[in-house]
Amino acid sequence: MERKKKSVSGFTLAELLIVVAIIAVLVAIAIPIFTSQLEKSREAVDLSDVRSAYAEVMMAAITGDTTAIYTKDSTQTIYDSQKNEYSITVQPLKQKQDGWQTALPITIGGVSSSAGSPYWIGEPGPNGYCKVTYHPVAGSTGEYVSFEWSGGNSGTSGGTSGGDGGTGDGSGDSGENSTPGTGGSVTPTPIPSMGDAWKSIVEKNGMVDWPTAPTNGWYSWKTGQIVRFEGIYYISLETNRQEFNQWGYFNPMSDNRKSNFAMVSGRFYTSNDVDTQGNVPESSYGDIFIDDDGTAYVYKAGYKGQARPNPNAYGDPWVKIIK
């Protein structure tokens, strides 16, 4: 009886090599993507921690709490009596690479990563840290918040100076900071060079100290008036009169009044920051615009804006600061 022969043929060596090569290419493509996404997730955790730290710093600063402790590190007291500042250091950072994998710009508490010094300093890196600091008014320097990153290439984040639209000290955002008139991104004038300007705004328009406790009397304020509460400046967005007794007292940060007062953000714009279309790039709540004649405005809208102040325009998101 004749036996039926079975086929014993398989893949040839060439076919196996092609399959291995295809797998290698797919792995080579997948690994960087996976690594990048993994790094972005680490950065997301770091940014979440920094935003939480920012919230705690501002809460302590606004309430004047000098005994507050950072919730994630019981060894850190937020207020430094020697420096008269509130700060938290978030460390160590979880990311494993220098610089940012997350798309820029990054914004925390209204401060953009493209703002440059003294608001956003350095870059993150493996086992680095981020120090969040609230700087109160000091002499002619207004208050502001800074984010200092370390562990990465902290000395190379300045980029090319942005001409008249930037600070002129290498604090641009990698050359994207453009000269006014080009329509590009413009970094607002930093506090150190605007300290005298803010001081002149207060001197020109005056300011009143908000009562820190019930006065058992009537208290009045006007739209555009500068008020100071526990060392922090606010601009009133309404005209009102209130009897401040034990039942009717509140302050600019009370839950039912926050929307009626804009806390000065520490970001200042001038006509040098206006492009050819008359726009002020990315103005945010609490930003200040100072016109050529010294008239100052505060941005009151809860969304990012573009247009410069126009008092004659309906729905203008800028409020004129007045006496």
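Everything below is about the structure shown above.
All values reported here derive from a predicted model rather than from experimental measurement.

Rules used in this analysis
- Residues numbered from 1 in each chain as written.
- Predicted model: local features only at pLDDT ≥ 70, side-chain atom pairs only at ≥ 80, totals over all residues.
- Heavy atoms only, no water.
- Helix = DSSP H or I, 4+ residues; strand = E, 2+ residues; numbered from the N terminus.
- Buried < 20%, exposed > 50% of the residue type's maximum accessible area, 1.4 Å probe, protein only.
- Contact = heavy atoms within 4.5 Å.
- Areas by Shrake-Rupley, 256 points an atom, 1.4 Å probe, with all protein chains shown as cover.
- Polar contact = N/O pair within 3.5 Å; in protein donor to acceptor, adjacent residues only side chain to side chain.
- Pairing = 2+ DSSP bridges.
- Axes fitted to C-alpha atoms, helices over the stretch in contact; angles between N-to-C directions.
- 1 Å grid on protein atoms, 1.4 Å probe; cavity = no way out; pocket = protein on both sides within 12 Å on 5 of 7 lines; lining within 4 Å.
- Points joined across faces, edges and corners; volume = space filled by probe spheres on them.
- Core = buried A, V, L, I, M, F, W, Y, C linked by side-chain atoms within 4.5 Å.
- Phe/Tyr/Trp six-rings, centres within 6.5 Å; stacked < 30°, edge-to-face > 60°.
- Lys NZ or Arg CZ within 6 Å of the ring centre and 35° of its normal.
- Salt bridge = Lys/Arg side-chain N within 4 Å of Asp/Glu carboxyl O.

1. Some remarks on the overall build of the chain
Helix and strand counts for the chain stand at two helices and 19 strands. Residue burial in the chain is summarised as follows: out of 323 residues, 42% are buried. Intrachain contacts of the chain at a sequence separation of at least 6 include 55% that bridge at least 24 residues. Surface exposure of the chain reaches about 17,100 Å², of which carbon and sulfur atoms provide 53%.

2. Let's talk about the side chain of Glu238
The topology assignment puts Glu238 in the loop between strand E11 (232-236) and strand E12 (240-244). At a separation of 3.5 Å, a polar atom in the side chain of Glu238 contacts the side chain of Trp221.

3. Focus on the sheet that holds strand E2 (residues 85-90)
Within the open sheet, the five strands sit side by side as E1-E2-E6-E7-E5. Their pairing is mixed. Each of the sheet's edge strands pairs with one partner strand only, and the pair in question is strand E1 (79-80) and strand E5 (120-121). Pairing between E2 and strand E6 (residues 124-135): five bridges, direction antiparallel. Looking at the pairing, Thr89 lines up with Lys131 of E6. On the sheet, helix H1 (residues 13-63) packs against E2, E6 and strand E7 (144-151) and is oriented at approximately 160° with respect to E2.

4. What about the layout of surface pockets?
Each pocket or cavity is described by its volume, and for the second largest pocket that value is around 550 Å³. For the lining of the second largest pocket, the elements supplying multiple residues, two or more each, are H1, E7, E11 and strand E13 (261-263). Looking at the lining of the second largest pocket element by element, the count peaks at six residues for H1.

5. Topic: the nonpolar core
Core analysis: the biggest nonpolar cluster contains 41 residues, and Ile108, Val132, Phe147, Trp149 and Trp210 have the highest contact counts within it. At the level of secondary structure, the elements contributing two or more residues to this core comprise H1, E2, E6, E7, strand E9 (217-221), strand E10 (226-229) and E11. By residue number, the principal contributor to this core is H1, which donates nine residues. Every residue in contact with Trp210, bar those within four places of it in the chain, is listed here: Tyr219, Trp221, Val227, Arg228, Phe229, Phe244, Tyr249, Phe250, Asn251, Pro252 and Phe261.

6. Thoughts on the pairing of E7
Looking along a regular strand, one sees the side chains alternate between the two faces of the sheet. Where E5 meets E7, two bridges bridge the pair, whose relative direction is parallel. From the neighbouring strand, Ile121 faces E7, where its bridge partner is Glu148. Bridge count between E6 and E7: eight bridges; the pairing is antiparallel. Opposite Lys131, over in E7, you have Glu148 as the bridge partner.

7. Points about the packing of aromatic side chains
Two aromatic rings, taken as a pair, are described by how far apart their centres are and by the angle between their planes. A complete count under the given rule lists 22 aromatic pairs for this structure. With centroids separated by 5.7 Å and ring planes inclined at 40°, the aromatic side chains of Trp120 and Phe147 adopt a geometry described as tilted. One end of the pair, Trp120, is in strand E5; the other, Phe147, is in strand E7, with 27 residues separating them in the sequence. By relative accessible area, which is 0% here, Phe147 ends up buried. On the numbers, 6.1 Å between centres and 40° between planes, the contact of Trp221 with Phe261 is tilted. You can see Trp221 sitting in strand E9 and its partner Phe261 sitting in strand E13, a full 40 residues away along the chain. Classification of Trp221 as buried rests on a relative accessible area of 1%. An aromatic cluster is defined as three or more aromatic residues linked by ring pairs; in this entry it consists of Trp210, Tyr219, Trp221, Phe244, Tyr249, Phe250 and Phe261. When the ring centre of Trp218 is taken as reference, the NZ or CZ atom of Arg241 above it lies at 4.3 Å.

8. What to know about the sheet that holds strand E17 (residues 296-299)
Within a beta sheet, neighbouring strands are joined by backbone hydrogen bonds and run either parallel or antiparallel to one another. Read from one edge to the other, the open sheet built from four strands follows the order E14-E16-E17-E19, with strand pairing classed as mixed. The open sheet terminates on both sides in strands that have one partner only, identified here as strand E14 (268-269) and strand E19 (318-320).

9. Section: the side chain of Ser146
Here Ser146 lies in strand E7. A polar contact of 2.8 Å, which involves the side chain of Ser146, links it to the side chain of His135. In contact with Ser146, not counting residues within four places along its chain, are Pro118, Tyr119, Lys131, Val132, Thr133 and His135.

10. Considering the pattern of salt bridges
In total, this model carries five salt bridges according to the counting rule given. We note a salt bridge from Lys131 to Glu85, for which the minimum N-O separation is 3.9 Å. Of the two residues, Lys131 is situated in strand E6 and Glu85 in strand E2; the sequence distance between them amounts to 46 residues. A salt bridge links Arg228 to Asp209; the nearest nitrogen and oxygen atoms lie 2.8 Å apart. Here the residue Arg228 occupies a position in strand E10, and Asp209 occupies one in strand E8 (residues 208-209), the gap between them amounting to 19 residues. Looking at Arg228, the relative accessible area reads 26%, which means it is partly exposed.

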